[in-house]
Amino acid sequence: MTDSTPQRAQWLGSLQALLLWSVIGLLTVVFSLAMAACAACLWVVDRQRKAVHWLASVWGRTVFWCRPSWQVTVTGRHHLEPHRHYILVANHQSLLDIMALYHLNRQFKWMVKEELFRIPFLGWAMTLAGYVQLARTKPHRIHDAYEQARRWLASGMSVLFFPEGTRSRTGELGSFKNGAFKLAVTTGISVVPIAVSGTRDLLVRGGWRFRPGPQRVRVAVLPPIAPTISADALRDEARARIHHEISPRAS
């Protein structure tokens, strides 16, 4: 007689994942409608769409609240001074990075790949929030995206980039692209590295089932780096700081 425990556990995990994805989908629809109403009502007085971003942040945090065994800890938030804006750069390991980074409780615009803007409700909400659409395979559209990011920075709004360009396939920190760091040098705006760890333990790239049991996610805001060096040096310094933060500590 075969042991059915592993099969039962797998079946239960799939059922829980389907339930959670259904809840995430429902929350996305509800919050997208709320964001649309908010944008329509405050369009004239809230040109930076801060209220819409705030609702998006509540959506991201609510997803984690639906799974009480998931804990998000944010450290170093004091490095983001209230009345300053920054170029934020974070490592990217999971779809859940976005929801985790909403726990920063700060105003910013994402640089987001255009494929996500095609998802019903989610894409509409991101458009309403003024997030920056990046078409990675179209050079002229890449230029347009960075010009939009530049305009947001000029208006006093922070912009967040994933300089790896895509989620890590192995969990290792990938190489960083130069775009965000060139923008920092040309605008004179400081770069703030942000290290995200634990999200890959919840949901790996290409997977749809969430790992069982308690899980901890950590978002570490690291000290700003002034853009007084070359873009290459700025890139390497930001990557080195994030790598140090997410690397396993010696016991």
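Up top is the structure.
These notes cover the structure that comes with them. Within each chain, residue numbers correspond to sequence positions counted from 1 in written order. Local features are withheld for residues below a pLDDT of 70 in this predicted model, meaning they are given only at 70 or higher, and side-chain atom pairs are given and counted only at 80 or more; totals for whole chains, interfaces and linings count all residues. Only heavy atoms go into the side-chain values, all of them from the structure, while hydrogens and water stay out.

**Here we look at the overall build of the protein**
- Within the protein, the regular secondary structure consists of nine helices and seven strands.
- Here the globule rule is a power law, 2.2 Å times the number of residues to the power 0.38, and the radius of gyration is based on C-alpha atoms. In summary, the protein has a C-alpha radius of gyration of 19 Å against a globular reference of 18 Å for 251 residues, a match within 12%.
- Summarising its shape, the C-alpha atoms of the protein cover approximately 70 × 50 × 35 Å along the three principal directions.
- Accessibility here uses a 1.4 Å probe with only protein chains present; expressed as a share of the type maximum, an area under 20% marks a residue as buried, one over 50% as exposed, and anything in between as partly exposed. Classification of the 251 residues of the protein by burial places 46% in the buried group.
- Residue contacts are counted whenever heavy atoms from the two residues lie within 4.5 Å of one another. Considering only residue pairs separated by 6 or more positions, the protein has 73% of its internal contacts joining residues 24 or more positions apart.
- For the area figures, the Shrake-Rupley method with a 1.4 Å probe applies, and any residue is considered shielded solely by the protein chains shown. Accessible surface, the protein as shown: approximately 12900 Å² in total, 60% of it carbon and sulfur. Numbered from the N terminus, helices here are DSSP runs of H or I no shorter than four residues, and strands are runs of E no shorter than two.

**A short note on the pairing of strand 7 (residues 215–221)**
- Across the seven residues of strand 7, five count as buried, placing the element largely inside the fold.
- Think of it this way: DSSP has to see at least two bridges between two strands before they count as a pair. In this sheet, strand 7 lies alongside strand 1 (residues 70–75) in parallel orientation, the contact comprising six bridges. Considered in strand 7, the bridge of Val-74 is made with Val-219.
- The sheet contact formed by strand 6 (residues 191–197) and strand 7 spans four bridges and is antiparallel. Opposite Ser-197, over in strand 7, you have Arg-218 as the bridge partner.

**Overview of the sheet that holds strand 3 (residues 109–113)**
- Spatial ordering of the open sheet is given by 1-7-6-2-5-3-4, a layout of seven strands whose pairing is mixed. The open sheet is flanked by strand 1 and strand 4 (132–134), the only strands paired with a single partner. For this sheet, the mean inter-axis angle between neighbouring strands, taken without regard to orientation, is 25 degrees.
- Only C-alpha atoms enter the line fits that serve as axes; for helices the fit covers just the stretch in contact. Angles between N-to-C directions range over 0 to 180 degrees. Lying over the sheet, helix 7 (residues 179–187) contacts strand 2 (87–90), strand 5 (159–161) and strand 6, oriented at roughly 160 degrees with respect to strand 2.
- Contacts from helix 9 (residues 231–246) reach strand 2, strand 6 and strand 7 within the one sheet, and its direction differs from that of strand 6 by about 30 degrees.

**Details of unusual backbone geometry**
- Backbone geometry at Asn-105 places phi at a positive 55 degrees, although glycine is not the residue there.
- In this model, Phe-121 sits at a positive phi of 70 degrees, which is unusual for a non-glycine residue.
- Considering the arrangement of structural elements, one finds Phe-121 in the loop between helix 4 (114–117) and helix 5 (122–128).
- Using a relative accessible area of 27% as the deciding quantity, one classes Phe-121 as partly exposed.

**Side note on the side chain of Gln-93**
- Checked against the element boundaries, Gln-93 lands in the loop between strand 2 and helix 3 (97–101).
- Leave out the neighbours within four places in its chain, and Gln-93 touches Arg-167, Ser-168, Gly-171, Thr-199, Arg-200 and Leu-203.

**As for the side chain of Thr-62**
- Relative to the helices and strands, Thr-62 resides in helix 2 (residues 50–65).
- Among the residues examined, Thr-62 registers a relative accessible area of 13% and is labelled buried.

**Side note on helix 9**
- Given a rise of 1.5 Å per residue, 16 residues ought to cover 22 Å, and the 23 Å separating the end C-alpha atoms of helix 9 matches this to within 8%.
- Buried within helix 9 are the following residues: Ala-231, Leu-234, Arg-235, Ala-238, Ile-242 and Glu-245. The buried side chains of helix 9 occupy one side of the element, clustering within an arc of 100 degrees when seen end-on. Expected span of a helix: the number of residues minus one, times 1.5 Å. Note: the arc covers the axis-to-C-beta directions of the helix.

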